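Fold and contact review
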Amino acid sequence: MKNSRIAHAMQFVGDDLIAEACTHTSPRHSRLLLAAACAALVLLGGVSCAVYRAYWGAGSAAGIPPADLTRPFETGSEAVASGEEPPPPAEEVTYPKSSLIADYTDVYAVASVCVPMEEAEIPATYFSPNYMVIFTRPEEAGWVLAAGDSLSIEFTLAEGQTCTLDLGYIQDGVYHDLSSARAAAFSDTLTAPADGTYYFCVTNRTSENAVIQGGSIR
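Now for a quick tour of the structure. (Residues numbered from 1 in each chain as written. Predicted model: local features only at pLDDT ≥ 70, side-chain atom pairs only at ≥ 80, totals over all residues. Heavy atoms only, no water.)

**Some remarks on the environment of D195**
Relative to the helices and strands, D195 is located in the loop between strand 12 (185-191) and strand 13 (196-204). Judged by its relative accessible area of 56%, D195 is exposed. Distance in space between the C-alpha atoms of D195 and L145 is 5.7 Å, their sequence separation being 50 residues. Excluding residues that lie within four positions of it along the chain, D195 makes contacts with L145, A146, A147 and D172. A polar side-chain atom of D195 sits 2.7 Å from the main-chain amide nitrogen of A147. (Helix = DSSP H or I, 4+ residues; strand = E, 2+ residues; numbered from the N terminus. Buried < 20%, exposed > 50% of the residue type's maximum accessible area, 1.4 Å probe, protein only. Contact = heavy atoms within 4.5 Å. Polar contact = N/O pair within 3.5 Å; in protein donor to acceptor, adjacent residues only side chain to side chain.)

**Considerations on the pattern of salt bridges**
Tallied over the entire structure, the rule returns two salt bridges. Here R218 and E121 are joined by a salt bridge, their closest N and O atoms 2.9 Å apart. Of this pair, R218 sits in the segment after strand 14 (210-217) while E121 sits in strand 5 (residues 121-122), placing them 97 residues apart in sequence. The partly exposed category is assigned to E121, whose relative accessible area is 40%. (Salt bridge = Lys/Arg side-chain N within 4 Å of Asp/Glu carboxyl O.)

**Describing the nonpolar core**
With 42 residues, the main nonpolar core has F135, F155, L165 and I217 as its most contacted residues. Here F155 is in contact with I122, L165, L167, A185, F186, V202, I212, G214 and G215, once residues within four sequence places are set aside. Ranked by size, the runner-up nonpolar core spans six residues in total, among them A61, I64, L69 and Y126. (Core = buried A, V, L, I, M, F, W, Y, C linked by side-chain atoms within 4.5 Å.)

**Re the environment of G142**
Positionally, G142 belongs in the loop between strand 7 (131-136) and strand 8 (143-145). Judged by its relative accessible area of 10%, G142 is buried. Considering only alpha carbons, one finds G142 and T197, 55 residues apart in sequence, at a separation of 5.7 Å. Once you skip the residues sitting within four places of it in the chain, G142 turns out to touch R137, T197, Y198 and Y199.

**Quick word on the packing of aromatic side chains**
Inspection of the entire model under this criterion finds five aromatic pairs. Pairing F155 with F186 gives two aromatic rings, centres 5.3 Å apart and planes at 20°, and the pair type is stacked. Within this pair, whereas F155 is found in strand 9 (residues 150-157), its partner F186 is found in strand 12, the two being separated by 31 residues in sequence. The rings of W56, Y95 and Y131 are connected pair by pair, giving a single aromatic cluster. The lysine or arginine in question, K97, covers the ring of Y104, its NZ or CZ lying 5.0 Å from the ring centre. (Phe/Tyr/Trp six-rings, centres within 6.5 Å; stacked < 30°, edge-to-face > 60°. Lys NZ or Arg CZ within 6 Å of the ring centre and 35° of its normal.)

Keep in mind these values describe shape, not function.
The following block contains the structure:
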């Protein structure tokens, strides 16, 4: 129940707090700072009204105006006022977690969702605050690399959007950090430390939906 409340509180943490946390030299320290901020919001009753919107989670952004995907979040009380049905209480919310990661102990995301690619192209995708998207080949297949092989990812966000995102990769079921930045376009390269199956993944550290316009993994 506590984790679920913290996850919802994360949605109310603004970019200014995220930026402050990211200035710390220790990634673990900055993440703990964010967790503490979320917990404080819970204690203050910040999640008494659950967040509600049509595009929450992770999914295809094809054919959806970016403005609809990134409009400000509404609270449950605002949804009721507009005639929409609010979501269930925070303690009843569950989050999907991909089995591609075997141990989530050191993974700082409330949810992880697989996004299948066709060929080398990353599809238009949106994902909510503290959500991780894992890019895969069809049927959740990964990229089989030999030690020393390189694999690169590059993608751009919807026009006019800038987000703080964490880039990482999964190696045989274990998550590893790669980089973190606030930008409109992202790219990184991993060099396989050992033979194995690899996946790129991206986590949203911004207080709005991140919308990937397109990209590639090669």
